[in-house]
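Working through the structure, step by step
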Amino acid sequence: MIRNTLFSRLFITLFLFALLPLLAVTVLVLDTMGDLYLQREAEELRAQTILLEPSILQAYIQGDYQKIDAMCKGVVHGLPVRFTVILAEGTVIGDSDSTPGAMDNHALRPEIVDAFKTGSGRAERYSYTLNTPMLYVARAVKLEEHVPFVIRAARPMPAVRQLLSALYSRLLGALAVMLILSILASAYIAWRINRPLVRLRDGALAYTRGLTPRPIHPEGTREIRALTEVFNDVASRLHQTLQTVQAQSEERKIILSSMQEGVLAFDAEGKVLDMNEAAFRILSPPILDVRGRWIEEVVRHPDLLLLIHTLLDKKENRVQDIITPGSEERHIHARGTLLRSGDHVCKGGLIVLLDVTEFRRFEKMRSEFVANVSHELKTPLTTMTGAIETLQSMEELPGESSRFLDMLSRQADRLRELIEDLLGLAALERMESGIPPERTKTSSREILERVQNTMAERAGNQGISVEIAGLEFPVIDVNPTLMEQALTNLVDNAIHASPQGTTITLSTRTESEGVAIDVTDEGCGIPPEHLERIFERFYRVPGAKRSGMQGSGLGLAIVKHTAHLFGGRVEVSSTPGKGSRFSIILPRI
């Protein structure tokens, strides 16, 4: 079976292009030469009848038919020719091979009919007298104005065919030589055309096997040389690009394997793209070959699976703390980020896993330490406060004692407030990591009214009013006491930052993500560079103007932890010199 290759196709095409014309010319030459040879044989026979005509015509005039028959038999002695003389009515009066009287009437023989009509006739047919195919040539003999008889000469066709066969054999031999030359020429031309393409193919195959590509020498036609040069250029560029990609891939592997954070990448369908060693240590997947596997086959933690599905479904970045079960609980901080293409189409997601177990343990220890210290400080502080109040109740105090006692009382109140805030913050942290507080579906207006009533007197002493604005007050699912405390802290900060004659507004609004409770003031505002840090513990804005006694610096930290406790967050927007708006955003019910 012929292989379906370019060489075979070229060879067959070129060979057929050479063979078909050659065969056509050979057939035409053979046919033409056969006709020419038969025509030459017919001319020779006609010439012999012309030579015989005078003698036969003279015997015919004398009426000596026996002499005519003798002439026919005597002329062909030793020659492969048969002569026959036929009268107009078809009677044979002389024949070189048979007795005329025993022969059939020849009036209807084709060559005889043509000879009497046109003067000559020719035919190729089988002779039943001689039992062999014959070539007949008849020529009419005129006597004055009529044709009395026809002289016919005939030659056996086997002799003619033998001569033609010899001629055909020579022609076919020449044809065979030409065919062999055509095969060799076609194979050589096909090889010359195919060789550069084969070298291109071998170069491409070597490249696909990872071998370093070597430049291919251009050869062949101008187009193939140009193609070879383009291939060399493309192969060189592609090799450089591949080396760069391999180097980048190796660098990426080194970076990922060196990271302490676990990295898990997956496509938009939820199939794993990559996973570094740290992620293997953190997640302990049941299989080692994770590439191309569904995320459910690799990750067995429900909270992390929920984070991944939420990330892909809602198409927004997510952050979540996860506790992995086992003999030792591990706290994992998971940050989910979408993978987007240049045209912002989501291609998948990336989860960065940070083991914060030790951090959480130290944080718990710190929180417990702060709570214990704060609790232990309350007893001596209560004693000190009682002693100060006793001294202040005395009627006569020497010198500056009254002023010093007032100073001690203010600082004791500040210390008591600080201890209360520390204990409250520690309690919130325990609720976040342990048993959450009880929740009640409460009208947001009810909570705002209690905050307004609580802070109205303090604000009024500073010449500031606290008002509730808005028409819609959605129901929220919170612990009313904790939420009231958080809003009280925000109003207290607003009072300290606001001048006399301004208003603090409490309001609610509905957002796509949930319900926002706003506390808006008309105070001094907060510079933009401090907005990211104001929720840190003990952080105070440098140079901020505050009226009255300074706070503990923990109020906004308490607000942030309270919002997180109920699945929400806290935001702030501020314009220096015009005021600020603090917003606690809670999920919808």
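Described in the following lines is the structure provided in the data block. (Residues numbered from 1 in each chain as written. Predicted model: local features only at pLDDT ≥ 70, side-chain atom pairs only at ≥ 80, totals over all residues. Heavy atoms only, no water.)

Structural notes on the overall build of the protein chain
If you tally the helices and strands in the protein chain, you get 13 helices and 17 strands. The buried share of the protein chain, reckoned over its 589 residues, is 37%. Roughly 34,600 Å² of accessible area belongs to the protein chain as shown, and the carbon and sulfur atoms make up 57% of that amount. (Helix = DSSP H or I, 4+ residues; strand = E, 2+ residues; numbered from the N terminus. Buried < 20%, exposed > 50% of the residue type's maximum accessible area, 1.4 Å probe, protein only. Areas by Shrake-Rupley, 256 points an atom, 1.4 Å probe, with all protein chains shown as cover.)

Notes on the nonpolar core
Ranked by internal contacts, the top residues of the largest apolar core, which has 39 residues, are Leu-487, Ile-534 and Ile-584. Once you skip the residues sitting within four places of it in the chain, Ile-584 turns out to touch Met-483, Ala-486, Leu-487, Leu-490, Val-515, Ala-516, Ile-517, Val-559, Ala-563, Arg-569 and Val-570. Leu-304, Ala-334, Ile-351 and Leu-353 belong to the second largest nonpolar core, which has 24 residues in total. (Core = buried A, V, L, I, M, F, W, Y, C linked by side-chain atoms within 4.5 Å. Contact = heavy atoms within 4.5 Å.)

Here we look at helix α3 (residues 110–118)
Because an α-helix completes one turn every 3.6 residues, residues spaced three or four positions apart along the sequence face the same direction. Turning to α3, its buried residues number three or more, namely Glu-111, Ile-112 and Ala-115. All buried residues of α3 lie within an arc of 100° about the axis, which places them on one face of the element. Across from the buried face of α3, at angles greater than 90 degrees, the exposed residues are Lys-117 and Thr-118. Structurally, α3 contributes buried residues whose contacts are with β1 (82–87), β3 (120–127), β4 (132–143) and β5 (146–156). Trailing α3 by a residue or two, Gly-119 shows a phi angle of about 105°, which is positive. (Arc of directions from axis to C-beta.)

Looking at the pattern of salt bridges
Using the criterion set out here, one finds 20 salt bridges in the structure. Connected through salt bridges with shared partners, the residues Arg-40, Glu-41, Glu-44 and Arg-155 form a single ionic network. (Salt bridge = Lys/Arg side-chain N within 4 Å of Asp/Glu carboxyl O.)

Thoughts on helix α2 (residues 65–75)
Buried within α2 are the following residues: Ile-68, Asp-69, Met-71 and Cys-72. End-on view of α2: buried residues confined to an arc of 155°, all on one side of the axis. Turned more than 90 degrees off the buried face of α2, the exposed positions are Gln-66 and Gly-74. Measuring from the side-chain oxygen of the N-cap residue of α2 to the backbone nitrogen of Gln-66 gives 3.4 Å; that N-cap residue is Asp-64. (Polar contact = N/O pair within 3.5 Å; in protein donor to acceptor, adjacent residues only side chain to side chain.)

What to know about the sheet that holds strand β17 (residues 579–587)
Pairing within the open sheet is mixed, and its five strands lie in the order β12-β14-β15-β17-β16. Here the strands that pair on one side only, and so sit at the sheet edges, are β12 (465–468) and β16 (569–575). Strand-to-strand twist of the sheet, defined as the mean angle between neighbouring strand axes without regard to direction, takes the value 20°. Summarising the sheet, strand β14 (residues 503–510) and strand β15 (residues 514–520) pair through six bridges and their orientation is antiparallel. Looking across to β15, one finds that Thr-510 is bridged to Val-515. Sheet contacts for helix α11 (residues 444–461): β12, β14 and β15; angle to β12, the most-contacted strand, approximately 170°. In this fold helix α12 (residues 480–497) packs onto β12, β14, β15 and β17, with an angle of close to 170° to the strand it touches most, β17. (Pairing = 2+ DSSP bridges. Axes fitted to C-alpha atoms, helices over the stretch in contact; angles between N-to-C directions.)

Let's talk about the packing of aromatic side chains
For the coordinates displayed, the defined rule picks out four aromatic pairs. Relative to Tyr-65, the ring of Tyr-60 lies with its centre 6.4 Å away and its plane at 15°, an arrangement referred to as stacked. On the basis of an interplanar angle of 35° and a centroid distance of 6.2 Å, the ring pair of Tyr-188 and Trp-191 is categorised as tilted. Of this pair, Tyr-188 and Trp-191 both sit in helix α4 (residues 157–208), three residues apart, which is roughly one turn of the helix. Classification of Tyr-188 by relative accessible area gives partly exposed; the value is 47%. A relative accessible area of 40% places Trp-191 in the partly exposed class. Cluster of aromatic residues (ring-pair linked, three or more members): Tyr-60, Tyr-65 and Phe-149. In this structure, Arg-125 is placed above the aromatic ring of Tyr-136, and the distance from its NZ or CZ to the ring centre is 4.2 Å. Of note, Arg-445 hangs over the ring of Phe-473, and the distance from its end group to the ring centre comes to 4.8 Å. (Phe/Tyr/Trp six-rings, centres within 6.5 Å; stacked < 30°, edge-to-face > 60°. Lys NZ or Arg CZ within 6 Å of the ring centre and 35° of its normal.)

Without other data, these values stay purely geometric and don't point to any function.
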